[in-house]
Amino acid sequence: MPPADLWRFFPFGYLFSILIETPILLVGLSARHSLKRRLAAGIWLTACTYPIVVLVMPLVFANASRAVYLVIAETFAPVAECILFWLAYGKSEELGGRSMWQDFMAIVVANLASFIAGEVMSAYRWFGLF
C-alpha cells in the first residue's frame, strides 16, 4: 500500500480505535486510576502505538504476508502500551499484583476489540478507503 494511502487512512483509523478502546479502558483499568487517567490512557496509549502500527510497520513488512504483519503489529501494540502504562503509572508495590494484571488485561482486551472491529469494518469496506 502506498504511503499516501496510509496517511489518508490514519486519522480515521485513529479516531475509530480510540472510540473502541477508550470505553474498555474506562471500565477495565483498575480502581487505583482516576477517571481522568483512564480517559487519558484511551487517547494517549493509542497515540503512541498507532502511528507505528499503521504508518511504519506496513512499509517495513511490505514484502511479508499480511499474517506476519498482523501477528507482529497486534503483538507490538498491546505489549508496548502495557510497558508505557506501567512506566507512567506503575508502582513498585503493585508489581505482579492484581491491579497491574487487571490494567494489562484491560489494555490487551481494548487492543483486541479495536483490531476485531477494524477487521469487520475492512471486510465490509466501511472505511471506504481501500
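Nothing here was measured: the structure is a model prediction, and the numbers come from that model.

Reading guide: rules and limits
Residues numbered from 1 in each chain as written. Predicted model: local features only at pLDDT ≥ 70, side-chain atom pairs only at ≥ 80, totals over all residues. Heavy atoms only, no water. Helix = DSSP H or I, 4+ residues; strand = E, 2+ residues; numbered from the N terminus. Rg over C-alpha atoms; globule rule 2.2 N^0.38 Å. Core = buried A, V, L, I, M, F, W, Y, C linked by side-chain atoms within 4.5 Å. Buried < 20%, exposed > 50% of the residue type's maximum accessible area, 1.4 Å probe, protein only. Contact = heavy atoms within 4.5 Å. Salt bridge = Lys/Arg side-chain N within 4 Å of Asp/Glu carboxyl O. Axes fitted to C-alpha atoms, helices over the stretch in contact; angles between N-to-C directions. Parallel < 35°, antiparallel > 145°, perpendicular 65-115°, else oblique. Left-handed = near helix turned anticlockwise from the far one by under 90°. Nonpolar A, V, L, I, M, F, W, Y, C, P; charged D, E, K, R; others polar.

Caption draft 1: Expanded view of the overall build of the protein. Across its full length, the protein carries 4 helices and 0 strands. Starting at the N terminus, the α and β elements of the protein follow one another as α-α-α-α. The C-alpha atoms of the protein give 15 Å as radius of gyration, which agrees with the globular expectation for 130 residues (14 Å, within 12%). Along the longest, intermediate and shortest principal axes, the C-alpha atoms of the protein span 45 × 25 × 20 Å.

Caption draft 2: Here's a closer look at the nonpolar core. By size, the foremost hydrophobic cluster in this structure holds 14 residues, and its most contacted members are Phe10, Tyr50, Val53, Val54, Leu55, Tyr69 and Ala73. Contributions of two or more residues to this core are made by α1 (3-28), α2 (35-60) and α3 (66-89). For Leu55, the contacting residues outside a window of four places in its chain are Leu6, Trp7, Phe10 and Tyr50. Counting 12 residues, the second-largest nonpolar core is a separate cluster that includes Ala41, Leu45, Cys82 and Trp86.

Caption draft 3: Here's a closer look at the pattern of salt bridges. Inspection of the entire model under this criterion finds 3 salt bridges. Between Arg32 and Asp103 there is a salt bridge whose closest N-O contact spans 3.9 Å. With Arg32 in the loop between α1 and α2 and Asp103 in helix α4 (residues 98-123), the pair connects residues that are 71 residues apart, well separated along the chain. A residue is classified by how much of its surface remains accessible, and Arg32, at 27% relative accessible area, is partly exposed.

Caption draft 4: Spotlight on the packing of α1 against α2. Two elements in contact, α1 and α2, have axes whose closest approach is 8 Å; the angle formed by their N-to-C orientations is 150°. By the criterion of interaxial angle, the relationship of α1 to α2 is roughly antiparallel. Between α1 and α2 lies a crossing whose hand is right-handed. Grouping the constituent residues of the contact of α1 with α2 by class yields 22 nonpolar, 5 polar and 2 charged.

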